[in-house]
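# Chain and residue survey
These are the residues of each chain, in order.
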Amino acid sequence: MEALKRILLPASKKCIDWLYPLRCPVCDDVAPSGTAVCPECLVKLHRVGENFCLKCGKALTGQEAECCPDCVNGRHLFEQGRSLYIYEGELRSSLYRMKYARRGEYAGFYAEQMVRYLGEWIRRTDAGGIAPVPISKKRQKERGYNQAALLAEKVSERTGIPLYEDLVLRIRDTAPQKNLDAMQRQNNLKKAFKIGRNDVKLNRLILIDDIYTTGATADAVTTVLRQSGIGKVYVLTLAIGRQ
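Below is a summary of the structure that appears in this document. Remember, it's a predicted structure, so these values are computed and weren't measured experimentally.

Scoring rules and cut-offs
Residues numbered from 1 in each chain as written. Predicted model: local features only at pLDDT ≥ 70, side-chain atom pairs only at ≥ 80, totals over all residues. Heavy atoms only, no water. Axes fitted to C-alpha atoms, helices over the stretch in contact; angles between N-to-C directions. Helix = DSSP H or I, 4+ residues; strand = E, 2+ residues; numbered from the N terminus. Parallel < 35°, antiparallel > 145°, perpendicular 65-115°, else oblique. Left-handed = near helix turned anticlockwise from the far one by under 90°. Contact = heavy atoms within 4.5 Å. Pairing = 2+ DSSP bridges.

Running from N to C, helix H5 (residues 106-124) and helix H7 (residues 147-159) point in directions that differ by 55°, and their axes come no closer than 9 Å. Classed by the angle they form, the pair H5 and H7 counts as oblique. As for the relative orientation of H5 and H7, their crossing is right-handed in sense. Residues Ala 107, Gly 108, Tyr 110, Ala 111, Glu 112, Met 114, Val 115 and Ile 122 of H5 pack against Leu 150, Leu 151, Lys 154, Val 155, Arg 158 and Thr 159 of H7.

Below, the structure is given as structure tokens:
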């Protein structure tokens, strides 16, 4: 029986790959055989360099600065944030498809990249758990999934850090954040989240989302996590805007 499984499983995987080939997350064409992304597309994704805000993780332009203006003038509730890519160009289009056009399969490639390049930072957080930023039931039904939860699941698989997908719930369907200013974003998210589980006791946790802009969402979720007894919350996102 085991010998038969060793023969059939690879064959079935090849059949599935043929019927449902992986698509390049950047251009959305069928990816070259044996790869998850077109080589020429990979270079179009711009990673955050070594000069980044020590609080939120935004790329900095000045060599002398340690924090971006937002973090100098404000106070975030999370411990520290890191992000892999600059939110621009082809990545912006890719994340739109991942969010609204049922391209959830992109999450596997992006999570692998997050762990590859930010794995050392992830380990240094000494986090005992991973949780995604939740979306409302309405948006979950419209999209078919929560893109942050897909990323969190794949990061959990690659790091071995336990996933707590239902730790935080979004109980209010808020207006889209992208059209609001900083103050409006904060007001928009008031009482939008609550703890979904009271049996999780962690000192450190990594909160995962797809995009970081002003940090309003991360702060709102961090507030309820801290109220539940979690000591330090770190924020890991796939993409982040420039300062």
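Let's pick the thread back up.
A word on the sheet that holds strand S5 (residues 204-212). Strand pairing within a sheet occurs via backbone hydrogen bonds; the two strands may be parallel or antiparallel. Reading across from one edge, S1-S6-S5-S2 is the order of the four strands in this open sheet, with parallel pairing throughout. Strands at the two margins of the open sheet, each flanked by one partner only, are strand S1 (80-86) and strand S2 (129-132). Geometrically, the sheet is characterised by an average inter-axis angle of 20° between neighbouring strands, direction not taken into account. Where S1 and strand S6 (residues 232-240) come together, six bridges link them in parallel fashion. Note that in S6 the partner of Gly 81 across the bridge is Val 235. Relative to S5, H7 is tilted by about 130°, and along the sheet it contacts S2, S5 and S6. Relative to S5, helix H9 (residues 216-227) is tilted by about 160°, and along the sheet it contacts S5 and S6.

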